[in-house]
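Survey of secondary and tertiary structure
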Amino acid sequence: MVDYPVLRYEHAAHSQEKGEYRHFMLKEIHEQPAAIANTLEGTQGEDHVLTAILGLEAETRLKDLQNIHIVACGTSCHAGLVARYWIEDQAGLPCQVEVASEYRYRQVAVPANTLLIAISQSGETADTLAALRYAKQQGYLASLAICNVAGSSLVREADWRLLTKAGPEIGVASTKAFTTQLVALLWLTTALAQVKDRAPEMISANVRALKGLPRLVEKVLHLDQHIEELATTFANKHHALFLGRGPHYPIAMEGVLKLKEISYIHAEAYAAGELKHGPLALVDENMPVVSVAPSDSLLEKLKSNLQEVGARGGQLITFACERVDMDEGEGITYLKLPWVYEAVSPIVYTVPLQLLSYHVALVKGTDVDKPRNLAKSVTVE
Ligand code: F6R
């Protein structure tokens, strides 16, 4: 007989109850400032990140990394897609991202000194676990699990680990797990930039922006009532388009996934520059077009993409920075968000999209916490 150690994981009792909230999803959306603060606790100094939290082996080997491969499913994969922009831009490392269900069945070519990152809320997703096991035979420098469950299979089997501290997520639609994954990935990008001697101002700006995130997200949560009003636009709609550019394109993809899974409205996300290559033909007064328009280097490009939609009678709902002038007009609704530092902007702009799908689902009368045909943890293929 083998004696296995018993590991105990403590969670506050209130994490299993809805409390004052109507649904777990809404509660979990509102828990994001605390979840982000918990995830960051003990990970940063004044102007640098504490790479030691990755463990001695990881800390010493970070500087050898030359490539990153990321695998994950669903929402967790969207976090990886955002991270690709950060890692290539800020750490200067080539990064590729793939859904685990595809990755596990193909022959991958792994360049020297590549880190495999597997992202998962549960750490038990069958495809992600299988992808990690497969990767371990492919000559990676190491594997890193970014996960919300400390004792999960993924965490136990990966070489290195970076835990998100979102607390238990009960609603099937992932919310706080996603934003804390993004926080962990921006932290990791900063760690990589630091060991690669990239601009110290960028590193300290990231650290400051991460510290300020819980307060910013709290501010955005106050937009709840405005977003509830916007949700009525979707009452009789069957389709929607979501647009974003740069790292906000995967945020648009995440907004679409949330809307589809809990309101059953068909939606598609496009990198806004792709619109005129086909999907513009779909735009008319019955097609709400949601766009994410932060104040970044791609804003002017996005604005001209939005004009193309407006000119076709599309109903535009745009989440934009309060400091930016946007053309007002018939069929155009703007919701203004506070100004944010560019790197953390994808995290902040996720929140109104979560609230939008939540309120649309209420309008549609669906079972928000348990959408049809879906399970919280996909442990079979
Ligand atoms: C969507 C959602 C799913 C999960 C996916 C992976 O809201 O929750 O797309 O993200 O099933 O699950 P994890 O992250 O547990 O591996």
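One can find the structure itself at the top, above this paragraph.
Heads up: these notes are all about the structure in this document. All values derive from a computational prediction rather than experimental measurement.

**What about the overall build of the protein?**
Each helix and strand counted, the protein has 13 helices and ten strands in total. Its C-alpha atoms give the protein a radius of gyration of 20 Å, near enough to 21 Å, the size a compact globule of 381 residues would have. Classification of the 381 residues of the protein by burial places 57% in the buried group. Contacts in the protein between residues at least 24 apart in sequence constitute 76% of all its contacts with a sequence separation of at least 6. Carbon and sulfur atoms make up 50% of the accessible area of the protein, which amounts to about 16,600 Å² in all. Computed over 35 positive and 45 negative side-chain charges, the inter-centroid distance for the protein is 2 Å.

**Description of the site of the ligand**
In the neighbourhood of the ligand, 14 residues make up the surrounding shell, with Ser-76, Ser-120, Gln-121, Thr-125 and Glu-261 lying closest. In this structure, an oxygen atom belonging to the ligand sits 3.2 Å away from a main-chain N or O atom of Thr-75. A distance of 2.5 Å separates an oxygen atom of the ligand from a polar side-chain atom of Glu-261. When isolated, the ligand has an accessible area of 410 Å², and the protein chains bury 89% of it. Counting only elements with at least two residues in the shell around the ligand, the list comes to α4 (74-91) and α11 (248-263). Looking at the shell around the ligand residue by residue, the classes come out as four nonpolar, eight polar and two charged.

**Some words on the sheet that holds strand β4 (residues 142-147)**
One open sheet holds the five strands; their spatial order is β2-β1-β3-β4-β5, and the pairing between them is parallel. The open sheet is flanked by β2 (95-99) and β5 (160-163), the only strands paired with a single partner. Averaged over all neighbouring strand pairs, the angle between strand axes comes to 20°, with direction disregarded. When strand β1 (residues 67-72) meets β2, the two strands line up parallel, connected through five bridges. Each residue of the ladder has a partner; that of His-69, found in β2, is Gln-96. Where α4 meets the sheet, it contacts β1, β2 and β3 (114-120), and its direction lies at approximately 170° from that of β2. Strands β1, β3 and β4 of the sheet are contacted by helix α6 (residues 126-135), whose axis makes an angle of about 165° with β3.

**Structural notes on the packing of aromatic side chains**
By convention here, two paired aromatic rings are described through the distance between centres and the angle between planes. In the structure shown here, the tally under the stated rule is one aromatic pair. Where Tyr-103 meets Tyr-134, the ring centres are 5.6 Å apart and the plane angle is 75°; that geometry is what we call edge-to-face. Residue Tyr-103 is found in helix α5 (residues 100-103), and its partner Tyr-134 is found in helix α6; the two are separated by 31 residues along the sequence. Exposure remark for Tyr-103: the relative accessible area of 1% places this residue in the buried category. It is Arg-372 that lies over the ring of Tyr-264; its NZ or CZ is 3.8 Å from the centre.

**Side note on the packing of helix α8 (residues 176-195) against helix α9 (residues 200-221)**
Any two packed helices are characterised by the angle at which their axes cross and by the distance between the axes. Taken N-terminus to C-terminus, the directions of α8 and α9 make an angle of 160°; their axes are 10 Å apart at the nearest point. In terms of axis orientation, α8 runs roughly antiparallel to α9. Every pair of crossing elements has a handedness; the one defined by α8 and α9 is left-handed. Contact with α8, carried on its side by Val-183, Leu-186, Trp-187, Thr-190, Ala-193 and Gln-194, involves Met-202, Ile-203, Asn-206, Val-207, Leu-210 and Leu-213 of α9 and no other residues of that element. A per-class count over the contact of α8 with α9 returns nine nonpolar, three polar and no charged.

**Some points on the pairing of strand β6 (residues 239-244)**
Of all the six residues making up β6, five are buried; the element is thus mostly covered by neighbouring parts of the structure. Sheet topology places β6 next to strand β7 (residues 266-271); six bridges connect them, and they run parallel. Within β7, the position partnered with Leu-243 by the bridge is Tyr-270. By the bridge criterion, three bridges tie β6 to strand β8 (residues 288-293) in an arrangement that is parallel. Bridge pairing in β8 places Leu-241 opposite Val-289.

Definitions and cut-offs
Residues numbered from 1 in each chain as written. Predicted model: local features only at pLDDT ≥ 70, side-chain atom pairs only at ≥ 80, totals over all residues. Heavy atoms only, no water. Helix = DSSP H or I, 4+ residues; strand = E, 2+ residues; numbered from the N terminus. Rg over C-alpha atoms; globule rule 2.2 N^0.38 Å. Buried < 20%, exposed > 50% of the residue type's maximum accessible area, 1.4 Å probe, protein only. Contact = heavy atoms within 4.5 Å. Areas by Shrake-Rupley, 256 points an atom, 1.4 Å probe, with all protein chains shown as cover. Lys, Arg positive; Asp, Glu negative; His and termini not counted. Charge placed at Lys NZ, Arg CZ, Asp CG, Glu CD. Near = heavy atom within 4 Å. Polar contact = N/O pair within 3.5 Å; in protein donor to acceptor, adjacent residues only side chain to side chain. Nonpolar A, V, L, I, M, F, W, Y, C, P; charged D, E, K, R; others polar. Pairing = 2+ DSSP bridges. Axes fitted to C-alpha atoms, helices over the stretch in contact; angles between N-to-C directions. Phe/Tyr/Trp six-rings, centres within 6.5 Å; stacked < 30°, edge-to-face > 60°. Lys NZ or Arg CZ within 6 Å of the ring centre and 35° of its normal. Parallel < 35°, antiparallel > 145°, perpendicular 65-115°, else oblique. Left-handed = near helix turned anticlockwise from the far one by under 90°.

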